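Chain residues, written in single-letter form:
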Amino acid sequence: MTPYQAETHGVVVRVKPTYLGSQSDPSAGRWVWAYEIEIENRRDTAVQLLTRHWIITDARGRIEEVNGPGVVGEQPVIGPSQVHRYTSGCPLGTASGSMVGCYGFVDADGAVMEVEIPAFSLDSQPRGVLN
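Not measured: the values here are computed from a predicted model.

(A) Geometry of the pattern of salt bridges. Under the criterion given, the structure shown has seven salt bridges. The salt bridge partner of Glu38 is Arg85, with a shortest N-O separation of 3.0 Å. You can see Glu38 sitting in strand S3 (residues 31-41) and its partner Arg85 sitting in strand S7 (residues 83-92), a full 47 residues away along the chain. Note that Glu40 and Arg42 form a salt bridge whose closest N and O atoms lie 3.4 Å from each other.

This is how it looks when you write it as structure tokens:
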């Protein structure tokens with residue numbers, strides 16, 4: 001599967017979600033996904049990821065917003081042409097949903113910028129498969 005991708009201010013964010021059936025318990029109303037994030041700096045100077053903001057929507061339209069410093073306990077500095085990768089996860093109370101958001105970055109000159117995280121789908125069943 002091709003990852004979801006967005007580029008803002010010369011920073012590319014790619015997302016690859018994966019359903020974790022072994023950690024999910026549909027009979028208890030719990031579905032779990034991992035998502036791999038790759039952040040590529042195409043700028044001429046370093047950038048630092050300071051904050052994250054996620055909007056998580058389940059299949060019933062319930063929205064949860066998550067804000068916080070950095071990602072998985074880090075506020076990485078990403079040099080020119082460098083890539084930072086991490087994996088995180090998301091539980092939902094429905095068999096599908098979506099996530100979208102943004103990162104707050106600061107560049108070498110101290111300018112703050114918002115970088116888009118592309119919207120991506122959380123699907124427990126492969127597309128086109130009926131239950």
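After presenting the structure, the write-up continues.
(B) Molecular detail of the packing of aromatic side chains. Per the counting criterion, the structure on display carries seven aromatic pairs. Ring geometry for Trp54 and Tyr103: centres 6.5 Å apart, planes at 80°, overall edge-to-face. One end of the pair, Trp54, is in strand S4 (residues 47-58); the other, Tyr103, is in strand S8 (residues 96-107), and 49 residues separate them in sequence. Trp54 gets classed as buried once you look at its relative accessible area, which sits at 3%. Members of the aromatic cluster, joined through ring pairs, are Tyr4, Tyr35, Trp54, Tyr103, Phe105 and Phe120.

(C) Local environment of the sheet that holds strand S1 (residues 4-8). If you trace the four strands from one edge of the open sheet to the other, you get S1-S2-S3-S7, paired in antiparallel fashion. On the outer flanks of this sheet lie S1 and S7, each paired with one strand and no other. Across the sheet, the axes of successive neighbouring strands diverge by a mean angle of 20°, strand direction being ignored. As judged from the five bridges shared by S1 and strand S2 (residues 11-19), these two strands associate in the antiparallel manner. Counterpart to Glu7 in the pairing with S2 is Val12.

(D) Broad picture of the pairing of strand S5 (residues 63-69). Strand direction decides the pairing type here: S4 and S5, joined by seven bridges, are antiparallel. Within S5, the residue paired with Trp54 across the bridge is Val66. Between the antiparallel neighbours S4 and S5 lie four residues, among them Gly61 with a positive phi of about 85°.

(E) View of the nonpolar core. If you look at the biggest cluster of nonpolar residues, it comprises 25 residues, and the most contacted ones within it are Ile37, Ile39, Trp54, Tyr103 and Phe105. Breaking this core down by element, the ones donating at least two residues are S2, S3, S4, S7, S8 and strand S9 (112-123). Those residues in contact with Ile37 that lie beyond four places of it in its chain are Val13, Arg14, Val15, Trp54, His84, Arg85, Tyr86 and Tyr103.

What counts, and at which threshold
Residues numbered from 1 in each chain as written. Predicted model: local features only at pLDDT ≥ 70, side-chain atom pairs only at ≥ 80, totals over all residues. Heavy atoms only, no water. Salt bridge = Lys/Arg side-chain N within 4 Å of Asp/Glu carboxyl O. Helix = DSSP H or I, 4+ residues; strand = E, 2+ residues; numbered from the N terminus. Phe/Tyr/Trp six-rings, centres within 6.5 Å; stacked < 30°, edge-to-face > 60°. Buried < 20%, exposed > 50% of the residue type's maximum accessible area, 1.4 Å probe, protein only. Pairing = 2+ DSSP bridges. Axes fitted to C-alpha atoms, helices over the stretch in contact; angles between N-to-C directions. Core = buried A, V, L, I, M, F, W, Y, C linked by side-chain atoms within 4.5 Å. Contact = heavy atoms within 4.5 Å.

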